[in-house]
Structures are given as structure tokens and as C-alpha cells.
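Analysis of the macromolecular model
If you want the building blocks of each chain, they are given just below.
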Amino acid sequence: MKEKINMRSFIQETIARKQRIAIPIMTHPGIEMNGNTVYEAVTNGEIHAKAIELLSKEYPTAAATVIMDLTVEAEAFGAKIMFSDHEVPTVTGRLLTDESAIESLPVPGLHKGRIREYLKANRLAAQNITDKPVLAGCIGSYSLAGRLYDMSEIMMLIYINPDAANLLLRKCTDFLLSYCKALKETGVDGVVIAEPAAGLLSNEDCQQYSSVFIKEIVDTVQDDSFSVILHNCGNMGQCTPAMVYTGAAGYHFGNKIDMKIAMSEIPADALGMGNLDPVGVFKQGTPENIKQSTLQLLQEMENYPNFVLSSGCDTPPYVPVENIDAFFEALNEYNDSRI
């Protein structure tokens, strides 16, 4: 049985240490190394867990992460999902076509869709990875609402009928609360809540229609042994204060933000994570490109002890292994210079 990790101490030790750690959001290379397809991994908890475990052994990541699949929760509500052997799943169509559909929308149980397979993947990963934290993943309330009601339509709804928007956000949050509690019960050490759609909002709207709901989840599940990391790769810098309002233990940023500005706006006792481009650098770059980009980012972050090196989002399928190796080579080279 895995001994429970004190995540508060893990964060404090990370900030205090001279050398940097890396926690890329990365699962797909493990799927490929095991000879499986994306479809198999996102529909089978055992295959998913084996990919997480393989990567945890293969690379010196400071924590293991599950796939950032932003369709699982929408599917549980009844949304139609398009699957592919080689691409991440996507929501197709629109589940809710008007405000009356929001009123009649039931909050699903955790037996719907692929939720059980994701709980299984987290449980197996937590059982079998005993030397580092395992971080689950789920979508945020506003991003989930956008996938159910349509992303453009939800942006209009918050202005035209904020009561209806808040009702939908309430139902989304109620489901996510139950899901995050269940994820915590699997034995994982935290959850990365992905709220990219909230990055399209102003800081005021982000706080009102995203952060107040994420804060409720944080207040419910976060404690010494379980940390919430709030991911918002849509944030261009305008809504970092709203992200910080949630009280999460860490904040994960995408590649479009100025990481120095982002780090200056988060608490010194919270982790700031990011933000190498998962497509332009990890997938499409050369090993030389990724090494140079990694070293440059590490050098820019020298004044922020709470910085954690990461990808700006989930690395996509078919990232060259040579690029992943170059990423960690750059980290090792940087850390060797700090001994």
C-alpha cells in the first residue's frame, strides 16, 4: 500500500530546493511505447494506468499525470464524443440547445460514460507508483458548461441570462465535486483542473463564472495530502488574479502567457507551472529547439523558487522520444550548473 504523500511538504520542499523539478503534463508517449492506441487508453483504465506507470519509470518526472481528457465529464452528462485511434477525443454537437434544457438537465452519477474507467486508471496508478505524487485530471466548471451549451453560446448566455448560466455552472460544479471526491478516494495525491475556456473571459467574469466554482472544489477537497493545480492555457495574462482567488496549491499556465508576469502574480508559497509549447516545441520542434527553449525558460525563472518546469498543456500524441529526452537533458544540464 502506498504511503500517503504530504503534498504541503512536497510543495514546500520543491520551493526550498536549489535544483528544479519537472512535471510535464504527459501521458501519450506511454500509450505509444506500450503499443496501444489513444482510443484504447481513453476507454480502458488498465491500459491508461500502464501508460502512466511506464512514463513514471522511463523519465525523472517529479509527479505522474493522467491524460488531460476534456470530454469525460461532458460525456457523463450525455454529450456525444468523437473517438479516434490517434487523436484525443472531442465533443461533437451541442447537448443543450436552449435555457429550458438547462433546467431539465440532470446531474449524472459517477457510473455514466467512461468515469469508472478513469477512476480505475487513477486507482491503479496510485497503487503502483509509490515514489512520487500522482495527479489526476478533470475539467473545470466553465469549460464543462461550454462543452454542453456550446462555447460561443455560453459566453453570450452569461450576459443575456446570467441566472441560466449560473444554474448550468451549479450543476456542472455539483458533478465535479462528486467526481473530485471520488478521485481523491482512489489514492491519488492531487488533481489538475483544466479550465482553458475561462481564459477567454475578463478577470471579473473569470472570477464570477469560473473561479468562485473552482474555489468551492478547492475548499472541499484540498488538504495536506491532496493538492489542486488549476490549469488555464487560455489565460493570456488578464485573469491570473481570478485564478489565484481559488486558493489552489498550484497554477499551470499555457505557452501564450509571459511566464515571468504570471509568476509575479501568484503567491510565493504556491507552485507556478509551465509553459513550453506542447505542439510547437515538444511535437514539432527538433531536439536542439526543445533543449534551447527549456534552458531559456529555466534561466528566465531563476528568481522564482516556486517555479516548476512543465509543458504548457497536455503533450499531444506522437511527440518524438528524442524531444522528450532533450527536455530532460536540458533540465539536468541546468541543475548540474546549480550544484
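The following refers to the structure shown. (Residues numbered from 1 in each chain as written. Predicted model: local features only at pLDDT ≥ 70, side-chain atom pairs only at ≥ 80, totals over all residues. Heavy atoms only, no water.)

Another point: the layout of surface pockets. Reported here for the largest pocket is a volume of approximately 500 Å³. Around the largest pocket sit 25 residues that line it, and M68, L70, V88, C313 and D314 are the ones nearest its centre. Per element, the largest residue contribution to the lining of the largest pocket is 3 residues, and it comes from helix α14 (residues 278–283). A class-by-class count of the residues in the lining of the largest pocket yields 12 nonpolar, 7 polar and 6 charged. Space inside the second largest pocket adds up to approximately 320 Å³. (1 Å grid on protein atoms, 1.4 Å probe; cavity = no way out; pocket = protein on both sides within 12 Å on 5 of 7 lines; lining within 4 Å. Points joined across faces, edges and corners; volume = space filled by probe spheres on them. Helix = DSSP H or I, 4+ residues; strand = E, 2+ residues; numbered from the N terminus. Nonpolar A, V, L, I, M, F, W, Y, C, P; charged D, E, K, R; others polar.)

The subject of this paragraph is the sheet that holds strand β7 (residues 250–253). Strands sit in the order β1-β4-β5-β6-β7-β8-β9 across an open sheet of 7 strands; the sheet is parallel. Edge positions in the open sheet fall to β1 (64–65) and β9 (307–311), since each of these has one partner strand only. As defined by bridge partners, strand β8 (residues 271–276) adjoins β9 across 5 bridges and the pair is classed as parallel. Its bridge partner lying in β9, M273 is registered against V308. (Pairing = 2+ DSSP bridges.)

A word on the packing of helix α4 (residues 45–58) against helix α7 (residues 115–128). Packing of α4 against α7 leaves a shortest axis separation of 8 Å and a crossing angle of 35°. Of the two elements, α4 crosses α7, and the hand of that crossing is right-handed. Contact residues: α4 offers G45, E46, H48, A49, I52 and E53, while α7 offers E117, Y118, K120, A121, L124, A125 and N128. A class-by-class count of the residues in the contact of α4 with α7 yields 6 nonpolar, 3 polar and 4 charged. (Axes fitted to C-alpha atoms, helices over the stretch in contact; angles between N-to-C directions. Left-handed = near helix turned anticlockwise from the far one by under 90°. Contact = heavy atoms within 4.5 Å.)

A few words on the packing of aromatic side chains. What the rule picks out here adds up to 6 aromatic pairs. By way of ring pairs, the aromatic residues Y59, F282, F327 and F328 are connected into one cluster. Directly above the aromatic system of Y149 lies the positively charged group of R94, at a separation of 4.6 Å from the ring centroid. (Phe/Tyr/Trp six-rings, centres within 6.5 Å; stacked < 30°, edge-to-face > 60°. Lys NZ or Arg CZ within 6 Å of the ring centre and 35° of its normal.)

This part covers unusual backbone geometry. Cis rather than trans, the peptide bond between G274 and N275 has omega equal to -15°. Counting through the fold element by element, N275 comes out in strand β8. One non-glycine residue with positive phi stands out, namely D150, at about 95°. Relative to the elements of secondary structure, D150 occurs in the loop between α8 (141–149) and α9 (151–160). You can call D150 partly exposed: its relative accessible area is 32%. Its identity is not glycine, yet Y318 carries a phi of approximately 65°, on the positive side. In this structure, Y318 sits in the loop between β9 and α16 (321–336). (Buried < 20%, exposed > 50% of the residue type's maximum accessible area, 1.4 Å probe, protein only.)

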